[in-house]
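One-letter residues, chain by chain:
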Amino acid sequence: MPATDPYFVRLTPQAHAYVQPDGGWCLNNAGVVSDGGQTLLVDTAATERRALLLREAVAAHGLPLPGTLVNTHHHGDHTYGNGVFAPGASVVAHEVCRDEQLAAGHQLHLVWPETEFGEVPVVAPAVTYRDRMTVHVGEVEVRILHPGVAHTRGDSVIHMPAQGVVFTGDIVFQGGTPFLANGSLAGSLRALDVLRSLDAEVVVPGHGPVTDPSAYDATERYLRYVDELARAGHAKGLTPLETAQGADLGDFAELRESERLVANIHRAYAELDGEPEGCELDVAAVFTDMVAMNGGRHVACHA
(Lines give C-alpha, C1' and ligand atoms only; values in the text may rest on other atoms or scores of the structure.)
Protein backbone atom coordinates (compact mmCIF):
# COMPACT_ATOMS: atom_id res chain seq x y z
CA MET A 1 0.00 0.00 0.00
CA PRO A 2 1.20 3.55 -0.66
CA ALA A 3 2.74 5.29 2.34
CA THR A 4 0.47 7.81 4.04
CA ASP A 5 2.73 8.89 6.91
CA PRO A 6 5.81 11.09 6.41
CA TYR A 7 8.98 9.10 5.92
CA PHE A 8 12.75 9.58 5.74
CA VAL A 9 14.73 8.57 2.66
CA ARG A 10 18.49 8.15 3.03
CA LEU A 11 19.90 9.50 -0.23
CA THR A 12 23.59 9.46 0.72
CA PRO A 13 25.37 9.28 4.08
CA GLN A 14 25.04 13.08 4.26
CA ALA A 15 21.66 13.70 2.62
CA HIS A 16 18.11 12.70 3.46
CA ALA A 17 14.67 13.58 2.15
CA TYR A 18 11.63 13.91 4.37
CA VAL A 19 8.64 13.04 2.20
CA GLN A 20 5.00 13.80 3.08
CA PRO A 21 2.65 11.65 0.98
CA ASP A 22 0.88 12.10 -1.24
CA GLY A 23 2.42 15.45 -2.07
CA GLY A 24 -0.91 17.23 -2.60
CA TRP A 25 -1.83 20.74 -1.48
CA CYS A 26 0.28 21.62 1.61
CA LEU A 27 2.04 18.23 1.76
CA ASN A 28 5.55 19.27 0.82
CA ASN A 29 8.96 17.67 1.19
CA ALA A 30 11.92 18.74 3.29
CA GLY A 31 15.62 17.96 3.01
CA VAL A 32 18.15 17.18 5.71
CA VAL A 33 21.89 17.60 5.14
CA SER A 34 24.18 16.55 7.98
CA ASP A 35 27.74 15.41 8.63
CA GLY A 36 26.69 14.07 12.02
CA GLY A 37 27.93 17.16 13.82
CA GLN A 38 25.99 19.88 12.01
CA THR A 39 22.68 19.89 10.15
CA LEU A 40 21.13 22.02 7.43
CA LEU A 41 17.39 21.74 6.83
CA VAL A 42 15.69 22.50 3.51
CA ASP A 43 12.14 23.80 4.12
CA THR A 44 9.73 23.01 6.94
CA ALA A 45 6.00 22.24 6.81
CA ALA A 46 2.56 23.86 6.64
CA THR A 47 1.47 23.35 10.25
CA GLU A 48 3.05 23.42 13.67
CA ARG A 49 2.14 19.76 14.19
CA ARG A 50 3.81 18.65 10.98
CA ALA A 51 6.90 20.78 11.65
CA LEU A 52 7.20 19.18 15.10
CA LEU A 53 7.00 15.74 13.48
CA LEU A 54 9.81 16.79 11.14
CA ARG A 55 11.92 17.94 14.08
CA GLU A 56 11.26 14.66 15.90
CA ALA A 57 12.22 12.69 12.79
CA VAL A 58 15.56 14.50 12.52
CA ALA A 59 16.34 13.71 16.15
CA ALA A 60 15.12 10.12 15.83
CA HIS A 61 17.69 9.52 13.08
CA GLY A 62 20.46 10.60 15.43
CA LEU A 63 21.08 13.92 13.69
CA PRO A 64 21.62 17.26 15.40
CA LEU A 65 18.82 19.79 15.07
CA PRO A 66 19.54 22.23 12.25
CA GLY A 67 21.70 25.30 12.70
CA THR A 68 20.81 26.45 9.19
CA LEU A 69 17.40 26.41 7.52
CA VAL A 70 17.03 27.17 3.80
CA ASN A 71 13.61 28.06 2.40
CA THR A 72 13.23 27.21 -1.30
CA HIS A 73 10.45 29.82 -1.63
CA HIS A 74 7.96 31.78 0.45
CA HIS A 75 4.83 29.61 0.33
CA GLY A 76 3.51 28.67 3.75
CA ASP A 77 3.78 24.92 3.30
CA HIS A 78 7.55 25.41 3.04
CA THR A 79 7.93 28.19 5.63
CA TYR A 80 5.16 28.12 8.23
CA GLY A 81 7.16 25.68 10.36
CA ASN A 82 10.24 27.93 10.51
CA GLY A 83 9.34 28.96 14.04
CA VAL A 84 9.64 25.39 15.30
CA PHE A 85 13.37 25.51 14.45
CA ALA A 86 14.02 29.13 15.48
CA PRO A 87 15.88 30.67 17.24
CA GLY A 88 18.29 27.74 17.03
CA ALA A 89 18.53 27.91 13.23
CA SER A 90 19.49 30.81 10.98
CA VAL A 91 17.02 31.07 8.08
CA VAL A 92 18.49 31.55 4.60
CA ALA A 93 16.68 32.33 1.33
CA HIS A 94 16.79 34.43 -1.80
CA GLU A 95 16.36 38.13 -1.11
CA VAL A 96 13.04 38.24 -2.97
CA CYS A 97 11.78 35.25 -0.97
CA ARG A 98 12.19 37.31 2.21
CA ASP A 99 10.16 40.15 0.70
CA GLU A 100 7.49 37.76 -0.55
CA GLN A 101 7.21 35.95 2.77
CA LEU A 102 6.78 39.19 4.70
CA ALA A 103 4.19 40.41 2.19
CA ALA A 104 2.27 37.12 2.23
CA GLY A 105 2.13 36.83 6.02
CA HIS A 106 -0.34 34.11 6.99
CA GLN A 107 -1.78 33.83 3.50
CA LEU A 108 -2.64 30.14 3.87
CA HIS A 109 -4.97 31.04 6.74
CA LEU A 110 -7.02 33.08 4.27
CA VAL A 111 -7.12 30.30 1.69
CA TRP A 112 -7.89 27.53 4.19
CA PRO A 113 -9.42 29.16 7.30
CA GLU A 114 -10.61 25.83 8.74
CA THR A 115 -7.16 24.23 8.79
CA GLU A 116 -5.49 23.90 12.21
CA PHE A 117 -2.17 25.52 11.44
CA GLY A 118 -1.20 25.93 15.11
CA GLU A 119 1.41 28.43 16.27
CA VAL A 120 3.22 29.41 13.08
CA PRO A 121 4.79 32.85 13.50
CA VAL A 122 6.21 34.42 10.36
CA VAL A 123 9.96 33.81 10.66
CA ALA A 124 11.49 35.48 7.63
CA PRO A 125 15.02 34.77 6.38
CA ALA A 126 17.73 36.58 8.33
CA VAL A 127 20.36 35.79 5.69
CA THR A 128 19.65 36.47 2.02
CA TYR A 129 21.56 36.22 -1.24
CA ARG A 130 21.05 37.48 -4.79
CA ASP A 131 22.54 34.98 -7.27
CA ARG A 132 24.18 32.12 -5.39
CA MET A 133 25.89 31.26 -2.13
CA THR A 134 27.70 28.31 -0.58
CA VAL A 135 27.18 26.86 2.88
CA HIS A 136 29.50 24.27 4.41
CA VAL A 137 27.94 21.72 6.73
CA GLY A 138 31.17 20.45 8.21
CA GLU A 139 32.99 19.12 5.15
CA VAL A 140 29.80 18.93 3.07
CA GLU A 141 29.48 21.65 0.41
CA VAL A 142 25.93 22.90 -0.18
CA ARG A 143 25.35 25.32 -3.05
CA ILE A 144 22.26 27.51 -3.01
CA LEU A 145 21.35 29.20 -6.28
CA HIS A 146 18.57 31.30 -7.73
CA PRO A 147 17.32 29.88 -11.07
CA GLY A 148 15.38 33.04 -11.93
CA VAL A 149 11.63 33.51 -11.71
CA ALA A 150 10.08 30.02 -11.85
CA HIS A 151 7.59 28.69 -9.29
CA THR A 152 7.86 32.07 -7.56
CA ARG A 153 10.01 35.17 -7.98
CA GLY A 154 12.30 34.12 -5.12
CA ASP A 155 13.05 30.43 -5.73
CA SER A 156 16.16 28.67 -4.50
CA VAL A 157 17.64 25.37 -5.68
CA ILE A 158 19.85 23.51 -3.19
CA HIS A 159 22.62 21.44 -4.77
CA MET A 160 25.08 19.02 -3.18
CA PRO A 161 27.63 18.62 -6.00
CA ALA A 162 29.80 15.94 -4.39
CA GLN A 163 26.76 13.82 -3.52
CA GLY A 164 24.87 14.34 -6.79
CA VAL A 165 21.73 15.50 -4.99
CA VAL A 166 19.48 18.46 -5.74
CA PHE A 167 16.46 19.80 -3.85
CA THR A 168 14.33 21.56 -6.45
CA GLY A 169 11.62 23.16 -4.35
CA ASP A 170 8.37 23.47 -6.26
CA ILE A 171 9.96 23.82 -9.67
CA VAL A 172 9.24 20.07 -9.75
CA PHE A 173 6.07 18.36 -8.51
CA GLN A 174 6.61 14.63 -8.91
CA GLY A 175 3.20 13.13 -9.75
CA GLY A 176 1.50 16.48 -9.26
CA THR A 177 0.50 19.38 -11.49
CA PRO A 178 2.97 22.28 -11.60
CA PHE A 179 1.67 25.56 -10.18
CA LEU A 180 2.72 28.85 -11.75
CA ALA A 181 0.34 31.39 -10.21
CA ASN A 182 3.18 33.25 -8.45
CA GLY A 183 5.89 32.59 -11.00
CA SER A 184 6.47 32.25 -14.71
CA LEU A 185 5.89 29.72 -17.46
CA ALA A 186 8.87 30.89 -19.52
CA GLY A 187 10.98 31.17 -16.38
CA SER A 188 10.08 27.65 -15.26
CA LEU A 189 11.30 26.28 -18.58
CA ARG A 190 14.59 28.12 -18.13
CA ALA A 191 14.84 26.83 -14.54
CA LEU A 192 14.59 23.26 -15.81
CA ASP A 193 17.67 23.89 -17.94
CA VAL A 194 19.47 25.20 -14.86
CA LEU A 195 18.55 22.00 -13.01
CA ARG A 196 19.76 19.86 -15.90
CA SER A 197 23.10 21.68 -15.90
CA LEU A 198 23.76 20.52 -12.32
CA ASP A 199 23.97 16.85 -13.41
CA ALA A 200 22.50 15.62 -10.14
CA GLU A 201 21.39 12.00 -10.25
CA VAL A 202 19.05 12.25 -7.25
CA VAL A 203 16.20 14.77 -7.49
CA VAL A 204 14.14 15.70 -4.44
CA PRO A 205 11.03 17.54 -5.68
CA GLY A 206 9.04 20.04 -3.66
CA HIS A 207 6.14 17.56 -3.55
CA GLY A 208 5.95 13.85 -4.28
CA PRO A 209 8.43 10.96 -4.09
CA VAL A 210 12.17 11.24 -4.66
CA THR A 211 12.97 10.89 -8.33
CA ASP A 212 15.66 11.39 -10.97
CA PRO A 213 16.35 13.83 -13.84
CA SER A 214 13.56 12.28 -15.94
CA ALA A 215 11.28 14.53 -13.88
CA TYR A 216 12.65 17.54 -15.75
CA ASP A 217 11.46 16.19 -19.09
CA ALA A 218 8.07 15.26 -17.65
CA THR A 219 7.65 18.75 -16.21
CA GLU A 220 8.74 20.34 -19.47
CA ARG A 221 6.19 18.32 -21.45
CA TYR A 222 3.42 19.64 -19.22
CA LEU A 223 4.65 23.23 -19.45
CA ARG A 224 4.85 23.00 -23.26
CA TYR A 225 1.30 21.65 -23.24
CA VAL A 226 0.12 24.64 -21.18
CA ASP A 227 1.92 27.00 -23.53
CA GLU A 228 0.22 25.53 -26.60
CA LEU A 229 -3.21 25.60 -24.94
CA ALA A 230 -2.78 29.17 -23.80
CA ARG A 231 -1.59 30.43 -27.17
CA ALA A 232 -4.56 28.83 -28.92
CA GLY A 233 -7.11 30.05 -26.37
CA HIS A 234 -5.64 33.52 -26.19
CA ALA A 235 -5.75 33.85 -29.98
CA LYS A 236 -9.45 32.91 -29.94
CA GLY A 237 -10.27 35.43 -27.22
CA LEU A 238 -11.26 32.74 -24.73
CA THR A 239 -10.97 33.29 -20.99
CA PRO A 240 -8.46 31.14 -19.07
CA LEU A 241 -11.37 29.16 -17.62
CA GLU A 242 -12.92 28.56 -21.04
CA THR A 243 -9.55 27.41 -22.37
CA ALA A 244 -8.98 25.08 -19.41
CA GLN A 245 -12.48 23.61 -19.47
CA GLY A 246 -12.17 22.83 -23.16
CA ALA A 247 -8.80 21.12 -22.81
CA ASP A 248 -8.11 17.42 -23.20
CA LEU A 249 -5.63 16.62 -20.42
CA GLY A 250 -4.69 13.28 -21.92
CA ASP A 251 -1.89 11.68 -19.88
CA PHE A 252 -1.73 14.77 -17.66
CA ALA A 253 -5.14 13.85 -16.19
CA GLU A 254 -3.27 11.42 -13.94
CA LEU A 255 -1.46 14.27 -12.16
CA ARG A 256 -2.75 15.40 -8.78
CA GLU A 257 -4.48 18.80 -8.57
CA SER A 258 -5.40 19.00 -12.26
CA GLU A 259 -7.45 22.11 -11.38
CA ARG A 260 -4.16 24.00 -11.37
CA LEU A 261 -4.32 24.00 -15.16
CA VAL A 262 -6.48 27.12 -15.13
CA ALA A 263 -4.08 28.92 -12.78
CA ASN A 264 -1.24 28.09 -15.14
CA ILE A 265 -3.21 29.39 -18.10
CA HIS A 266 -3.83 32.64 -16.20
CA ARG A 267 -0.06 32.95 -15.88
CA ALA A 268 0.55 32.10 -19.53
CA TYR A 269 -2.05 34.68 -20.62
CA ALA A 270 -0.31 37.35 -18.55
CA GLU A 271 2.97 36.59 -20.31
CA LEU A 272 1.27 36.61 -23.72
CA ASP A 273 -0.11 40.04 -22.80
CA GLY A 274 3.43 41.24 -22.21
CA GLU A 275 3.21 41.41 -18.42
CA PRO A 276 6.48 40.95 -16.49
CA GLU A 277 7.34 37.44 -15.38
CA GLY A 278 6.15 36.93 -11.83
CA CYS A 279 3.74 39.87 -11.91
CA GLU A 280 0.92 39.63 -9.39
CA LEU A 281 -2.23 37.95 -10.68
CA ASP A 282 -5.77 38.38 -9.37
CA VAL A 283 -5.55 35.65 -6.71
CA ALA A 284 -9.30 35.64 -6.07
CA ALA A 285 -10.01 35.10 -9.77
CA VAL A 286 -7.42 32.34 -10.01
CA PHE A 287 -8.81 30.42 -7.03
CA THR A 288 -12.41 30.98 -8.16
CA ASP A 289 -11.53 29.41 -11.50
CA MET A 290 -9.76 26.49 -9.80
CA VAL A 291 -12.92 25.87 -7.77
CA ALA A 292 -14.88 25.78 -11.03
CA MET A 293 -12.36 23.32 -12.46
CA ASN A 294 -12.71 21.24 -9.30
CA GLY A 295 -16.42 20.69 -9.81
CA GLY A 296 -17.41 23.61 -7.61
CA ARG A 297 -15.49 22.28 -4.61
CA HIS A 298 -12.87 24.39 -2.88
CA VAL A 299 -9.37 22.99 -3.32
CA ALA A 300 -8.51 21.02 -0.19
CA CYS A 301 -5.58 21.56 2.15
CA HIS A 302 -4.28 18.12 3.18
CA ALA A 303 -1.93 19.21 5.96
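For the structure, see preceding data.
Parameters at a glance
Residues numbered from 1 in each chain as written. Predicted model: local features only at pLDDT ≥ 70, side-chain atom pairs only at ≥ 80, totals over all residues. Heavy atoms only, no water. Phe/Tyr/Trp six-rings, centres within 6.5 Å; stacked < 30°, edge-to-face > 60°. Helix = DSSP H or I, 4+ residues; strand = E, 2+ residues; numbered from the N terminus. Pairing = 2+ DSSP bridges. Axes fitted to C-alpha atoms, helices over the stretch in contact; angles between N-to-C directions. Contact = heavy atoms within 4.5 Å. Expected span 1.5 Å × (residues − 1). Buried < 20%, exposed > 50% of the residue type's maximum accessible area, 1.4 Å probe, protein only.

Caption draft 1: Region of the structure containing the packing of aromatic side chains. Counting across every chain of the model gives eight aromatic pairs. Between Phe8 and Tyr18 the ring centres are 6.0 Å apart and the planes differ by 70°, which places this aromatic pair in the edge-to-face class. Placement of the pair is Phe8 in strand E1 (residues 7–12) and Tyr18 in strand E2 (residues 15–19), with a sequence separation of ten residues. Measuring from centroid to centroid gives 6.4 Å for Trp25 and Phe287, while their planes differ by 40°, and the two rings are tilted.

Caption draft 2: How the structure looks around the sheet that holds strand E12 (residues 202–207). If you walk across this open sheet you meet the five strands as E8-E9-E10-E11-E12, and the pairing is mixed. Of all the strands in the sheet, the pair left with one neighbour each is strand E8 (132–137) and E12. The mean inter-strand angle of the sheet, taken between neighbouring strand axes irrespective of direction, is 25°. Lying on the sheet, helix H7 (residues 214–236) is in contact with strand E11 (165–173) and E12; it crosses E11 at an angle near 15°.

Caption draft 3: Structural context of helix H9 (residues 260–272). In a regular helix each residue adds 1.5 Å, so 13 residues correspond to 18 Å; H9 covers 18 Å between its end C-alpha atoms and thus fits that length. Taking burial as the measure, the 13 residues of H9 include twelve buried ones, the bulk of the element. Residues of H9 that are buried: Arg260, Leu261, Val262, Ala263, Asn264, Ile265, His266, Arg267, Ala268, Tyr269, Ala270 and Glu271. Gly274 sits one or two residues past H9 and shows a positive phi near 85°.

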